[in-house]
Amino acid sequence: ALLAILTRLKELVMKLRLAAKHPEAYVLACRKQGSNRMCFSAWLMSPGVTFETFASKARAVILASGTLAPMVALSSELACSEAFATRSSSSPICVGAELGQIPRPLEATHVVGRDQVLVATLGKFLNSNRPLIGSYDSWRAPAFIGELGHTLATLLAELPGGVFIFF
């Protein structure tokens, strides 16, 4: 129990440090829960803060996904990251770049046609027919993870050609 409390305290200190360093990127709130409990919430509104925490320490960063396009939108989302800004120069792409040159991000056109994509949501688990609600607490419950795994395995067995799932 003490280890769990210390882990949560470490998370809180980390969030408070980031919030102090990037106050414009956070919404902080304290509210009363019940008669004698307080709840502290820290909502990060800019993914650039998180990107900066690991990208600033990395030698190279590769972002590869069809969902990152257009680059203008991605650039605005990561605008507060100095590591992103220095790696996304507007200079021409450098083939065999010399040391010190920063290549421009490569943005390719989409190769998947609209007729090849199916977007679907699922509101209930397939096995139990219980509502599929992915709250913070449910992700910590072994029963939820088990039912989610069973539902995904059932769907994957029926869907040909691969599946991209995100939560």
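Residues numbered from 1 in each chain as written. Predicted model: local features only at pLDDT ≥ 70, side-chain atom pairs only at ≥ 80, totals over all residues. Heavy atoms only, no water.

**So, the nonpolar core**
Membership of the largest hydrophobic core is limited to 7 residues, which are Phe 51, Ala 55, Met 71, Leu 74, Leu 78, Ala 83 and Phe 84. Elements with a minimum of two residues in this core: α2 (47–55), α3 (71–77) and α4 (82–87). If we ignore the near neighbours within four places in the chain, the residues touching Leu 78 are Pro 47, Gly 48, Phe 51, Leu 63 and Phe 84. In terms of nonpolar packing, the next biggest core, distinct from the first, is built from 5 residues, Leu 18, Ala 19, Ala 25 and Tyr 26 among them. (Core = buried A, V, L, I, M, F, W, Y, C linked by side-chain atoms within 4.5 Å. Buried < 20%, exposed > 50% of the residue type's maximum accessible area, 1.4 Å probe, protein only. Helix = DSSP H or I, 4+ residues; strand = E, 2+ residues; numbered from the N terminus. Contact = heavy atoms within 4.5 Å.)

**Observations concerning helix α6 (residues 142–158)**
For α6, with 17 residues, the first-to-last C-alpha span of 25 Å sits near the 24 Å given by 1.5 Å per residue. The elements touched by buried residues of α6 are α5 (136–139). (Expected span 1.5 Å × (residues − 1).)

**Observations regarding the pattern of salt bridges**
One side chain can pair with another of opposite charge once the charged atoms of both are near each other. For the structure shown, the criterion picks out 1 salt bridge. Arg 130 is the partner of Glu 147 in a salt bridge, and the nearest nitrogen-oxygen pair spans 2.7 Å. Of this pair, Glu 147 sits in helix α6 while Arg 130 is found in the loop between α4 and α5, placing the two residues 17 residues apart along the sequence. Its relative accessible area of 15% is what places Glu 147 among the buried residues. For Arg 130, a relative accessible area of 42% corresponds to the partly exposed category. (Salt bridge = Lys/Arg side-chain N within 4 Å of Asp/Glu carboxyl O.)

**Observations regarding the pairing of strand β2 (residues 37–44)**
Both strand β1 (residues 26–33) and β2 contribute to a ladder of 8 bridges, which runs antiparallel. Directly across from Lys 32, in β2, lies its bridge partner Met 38. Counting the residues between successive antiparallel strands, the hairpin from β1 to β2 contains 3 residues, one of them, Gly 34, with a positive phi of roughly 75°. (Pairing = 2+ DSSP bridges.)

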